[in-house]
Amino acid sequence: HKTSVIDFGTKYGCFDYKLTESGIQILFTYNLYTHGQPKRGAHKRPLFTLKKGQVGRFWINGRFASYGGQNYMQQCVNMAHVDDIQPDVFLNSKPAHFVDELAHLF
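Conventions and cut-offs
- Residues numbered from 1 in each chain as written.
- Predicted model: local features only at pLDDT ≥ 70, side-chain atom pairs only at ≥ 80, totals over all residues.
- Heavy atoms only, no water.
- pLDDT = per-residue confidence, 0-100.
- Helix = DSSP H or I, 4+ residues; strand = E, 2+ residues; numbered from the N terminus.
- Phe/Tyr/Trp six-rings, centres within 6.5 Å; stacked < 30°, edge-to-face > 60°.
- Buried < 20%, exposed > 50% of the residue type's maximum accessible area, 1.4 Å probe, protein only.
- Contact = heavy atoms within 4.5 Å.
- Pairing = 2+ DSSP bridges.
- Axes fitted to C-alpha atoms, helices over the stretch in contact; angles between N-to-C directions.
- Core = buried A, V, L, I, M, F, W, Y, C linked by side-chain atoms within 4.5 Å.

J.: Help me get a handle on the confidence of the model for the protein, residues and values and all.
T.: When pLDDT is averaged along the protein, the result is 88; 91% of the residues meet or exceed 70. Strand β1 (residues 11–12) is the least confidently modelled element of the protein, averaging 74 in pLDDT, while strand β7 (residues 97–101) averages 96, the highest of any element.

In structure tokens, the structure reads:
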């Protein structure tokens, strides 16, 4: 488990964060080498906007093929727009936004 504090207007992995009048806009860019098959379009797209005190969740999975065989990954990314991050914020808060990019991998 990793907690990071993000500066607005910056990129963190496949996510961009923009501070707007209504909250923090979360944008996502799919990358074949990071997220695997199936392809989901390599364009930046908005996922949701978090208002103060809200939590959001993003799930994605992927399949990777190599000479060594098939590998699979699943990632769950939790995000919160809070002034003071608590260790249990993602355990005790129901996500206001949930994006499920889980795909059938076979």
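J.: I'd love a proper account of the packing of aromatic side chains, names of residues and values included.
T.: One pass over the structure, following the stated rule, counts four aromatic pairs. Here Phe 28 and Phe 58 contribute two aromatic rings whose centre-to-centre distance is 4.6 Å and whose plane-to-plane angle is 45°, an arrangement assigned as tilted. Here Phe 58 lies in strand β5 (residues 55–66) and Phe 28 lies in strand β3 (residues 23–29), a separation of 30 residues in the sequence. Across the pair, Phe 58 and Phe 28 agree in class, each one buried. Taking the centre distance of 5.5 Å and the plane angle of 70° together, the rings of Trp 59 and Phe 98 count as edge-to-face. One end of the pair, Trp 59, is in strand β5; the other, Phe 98, is in strand β7, with 39 residues separating them in the sequence.

J.: Which residues make up the environment of Glu 101, and what are the values?
T.: Along the chain, the position of Glu 101 falls in strand β7. Placed 11 residues apart in sequence, Glu 101 and Phe 90 show a C-alpha to C-alpha distance of 19 Å. Beyond its immediate stretch of four places on either side in the chain, Glu 101 contacts Arg 40, Arg 45, Phe 58, Trp 59, Ile 60 and Asn 61.

J.: Describe the sheet that holds β7, with residues and values.
T.: Strands sit in the order β6-β5-β7 across an open sheet of three strands; the sheet is mixed. Bordering the open sheet on either side are β6 (69–80) and β7, each of which pairs with just one other strand. Between one strand and the next, the sheet's axes are offset by a mean angle of 10°, whatever the strand orientation. Note: β5 against β6, 12 bridges, orientation antiparallel.

J.: Pulling in residues and values, what's your account of the nonpolar core?
T.: The nonpolar side chains of soluble globular proteins are, as a tendency, buried together. With 15 residues, the main nonpolar core has Phe 15, Ile 26, Phe 28, Leu 47, Phe 48, Phe 58 and Met 79 as its most contacted residues. Secondary-structure elements contributing two or more residues to this core are β2 (15–20), β3, β4 (44–50), β5 and β6. For Ile 26, the residues in contact, after removing those within four places along its chain, are Phe 15, Asp 16, Tyr 17, Arg 45, Pro 46, Leu 47, Phe 48, Leu 50 and Met 79.

J.: Quick one: what's the story with the sheet that holds β2, residue by residue and with numbers?
T.: Ordered by their spatial adjacency, four strands build an open sheet running β1-β2-β3-β4, and the pairing between neighbours is antiparallel. Of all the strands in the sheet, just β1 and β4 have a single pairing partner and so form its edges. Where β2 and β3 come together, six bridges link them in antiparallel fashion. Looking across to β3, one finds that Thr 20 is bridged to Gly 23.

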